[in-house]
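# Results of the structural survey
One-letter residues, chain by chain:
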Amino acid sequence: MELPWKLHGDGKNVAASTIVAPEERLSWPRTIGLGMQHVVAMFGATFLVPILTGFPPSTTLLFSGLGTILFLLVTRNKLPSYLGSSFAFIAPITAATVGTNYGNALFGIVVVGAMLAIVGLLVQVTGSGWIDALMPPVVAGAIVALIGFNLAPAAGANFAQAPLTAVITLAAVLLSAVFFRGILGRLSIFIGVLVGYAAAVLFGQVNFDKVAEADWIGLPTFAFPTNPFTDPTVLAFLPAFIPVVLVLIAENVGHVRGVAQLTNPGVNKLTGRALFADGVATMLAGSFGGSGTTTYGENIGVMAATRVYSTAAYWVAGIFAILLSLSPKVGAVINTIPPGVLGGVTTALYGLIGIIGVKIWLDNKVDFNSPINQFTAATALIIAIADYTITIGGITFTGIALGTIAAIVVYHVMTAVARVRGTNKL
């Protein structure tokens with residue numbers, strides 16, 4: 001069977017004025033090396049989600065790899081992307097998980113995936129203009145930012161358990177981001193975890209007993225969503241998950257536009273397919289015990305640094321992630337990461353999620369002289385950071401859900417009133 005990629009030039013070199021397009025590839029040894037580099041780039045962030053939520057890391061890795069391959073198939077090998085764990089799921093998963101019973105959280109993940117897939121189908125038919133109208137930059141930025149800032153107490157709780165280890169980890173993250181050039185600079189989270197982990201080992205904070213007991217080869221641990229027909233109480237957790245759909249939409253649309261800008265404007269036509277593919281991949285993961293997925297900015301960084309946008313490298317990355325997931329020992333090692341390391345890295349990481357929202361404002365030149373924009377962002381952020389909670393009819397709405405609702409409602413209501421009164425021109 002003939003493979004869909006054509007060789008770029010001699011397969012060895014990429015001129016400074018050219019890129020390796022999605023439908024091209026370098027020689028297979030180079031492509032395999034690039035694919036493994038993509039795994040390294042996504043690994044530091046992807047494995048943190050199961051560590052922070054209690055999900056099995058190997059299971060998350062498996063569906064991360066499978067989701068990536070599914071994404072490539074749905075987008076016809078024209079949109080390079082790795083589907084890693086989405087941080088937007090951390091807060092709702094934590095709220096919905098009871099001990100080691102992940103059923104409620106998995107149901108929420110499946111629902112989010114289904115909604116995202118439906119949005120993808122709508123975009124494929126109608127275009128993405130309505131998304132921009134529903135979530136203009138001030139709203140989209142607020143929603144992304146509030147999810148990161150809502151998680152601040154969780155970072156603080158882990159930090160407090162081992163402050164010295166946390167400070168070492170955080171310092172390593174910050175310094176590696178400016179000390180290293182190229183791809184290493186983009187792996188500051190991963191490097192910080194390695195340095196912090198080494199410090200934790202020296203301080204006697206790591207227990208390797210389960211690593212020694214784990215097999216080298218074996219299937220990941222699978223779990224299944226709660227059935228809402230037999231246990232309708234699971235529906236009470238949905239308000240915390242639904243806002244994640246909006247974040248995934250923003251992340252996927254942003255990814256498509258980023259790749260289109262760097263490769264070919266025609267890639268924008270794949271927006272609907274990208275949303276649908278990520279939705280199905282998230283449903284698949286949630287159905288068997290993995291965390292929800294999203295397109296990864298870390299891998300865009302790799303492509304920008306190497307100028308190689310070949311989807312062949314992502315096939316390699318997906319397959320390599322699947323192979324890693326089939327080693328219980330790898331999962332056991334990941335599970336040994338202690339709270340101090342997590343506290344240090346999430347201090348930076350959760351803050352970065354918040355700052356990504358701010359970057360959306362800056363990139364789109366949001367005018368904060370406007371009272372509408374001021375109150376949209378201000379109200380949503382305070383509700384999320386303070387984690388306001390309202391219970392209606394047995395269903396609890398927490399800070400993320402309420403903050404998301406506030407961002408959308410405040411913006412559109414204030415805009416409508418200002419338009420009627422003519423004060424929007426002031």
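Structure first, text after, so check above.
Model, not experiment: these values are computed from the prediction.

### A few points about the nonpolar core
Ranked by internal contacts, the top residues of the largest apolar core, which has 96 residues, are Leu48, Phe87 and Ile249. If you tally residues by element for this core, the top one is helix H13 (residues 238-262), at eleven residues. Not counting residues within four places of it along the chain, the set of residues in contact with Ile249 comprises Leu116, Val119, Ile131, Met135 and Leu275.

### Quick notes on a nonpolar patch on the surface
A contiguous nonpolar surface patch, about 560 Å² in accessible area, is contributed by Leu66, Leu219, Phe222, Phe224, Leu284 and Phe288. Relative to the helices and strands, Leu219 resides in the loop between helix H12 (209-213) and H13. For Leu219, a relative accessible area of 66% corresponds to the exposed category.

### Considering the side chain of Thr346
With respect to the secondary-structure elements, Thr346 resides in helix H18 (residues 339-363). Judged by relative accessible area, Thr346 falls into the buried class, the value being 0%. Polar side-chain contacts of Thr346 include one of 2.5 Å to the backbone oxygen of Leu342. A distance of 3.4 Å separates the side chain of Thr346 from the backbone oxygen of Gly343, its partner in a polar contact.

What counts, and at which threshold
Residues numbered from 1 in each chain as written. Predicted model: local features only at pLDDT ≥ 70, side-chain atom pairs only at ≥ 80, totals over all residues. Heavy atoms only, no water. Core = buried A, V, L, I, M, F, W, Y, C linked by side-chain atoms within 4.5 Å. Buried < 20%, exposed > 50% of the residue type's maximum accessible area, 1.4 Å probe, protein only. Helix = DSSP H or I, 4+ residues; strand = E, 2+ residues; numbered from the N terminus. Contact = heavy atoms within 4.5 Å. Patch = residues over 30% accessible without salt bridge, like charges linked within 9 Å, V, L, I, M, F, W, Y side chains within 5 Å. Areas by Shrake-Rupley, 256 points an atom, 1.4 Å probe, with all protein chains shown as cover. Salt bridge = Lys/Arg side-chain N within 4 Å of Asp/Glu carboxyl O. Polar contact = N/O pair within 3.5 Å; in protein donor to acceptor, adjacent residues only side chain to side chain.

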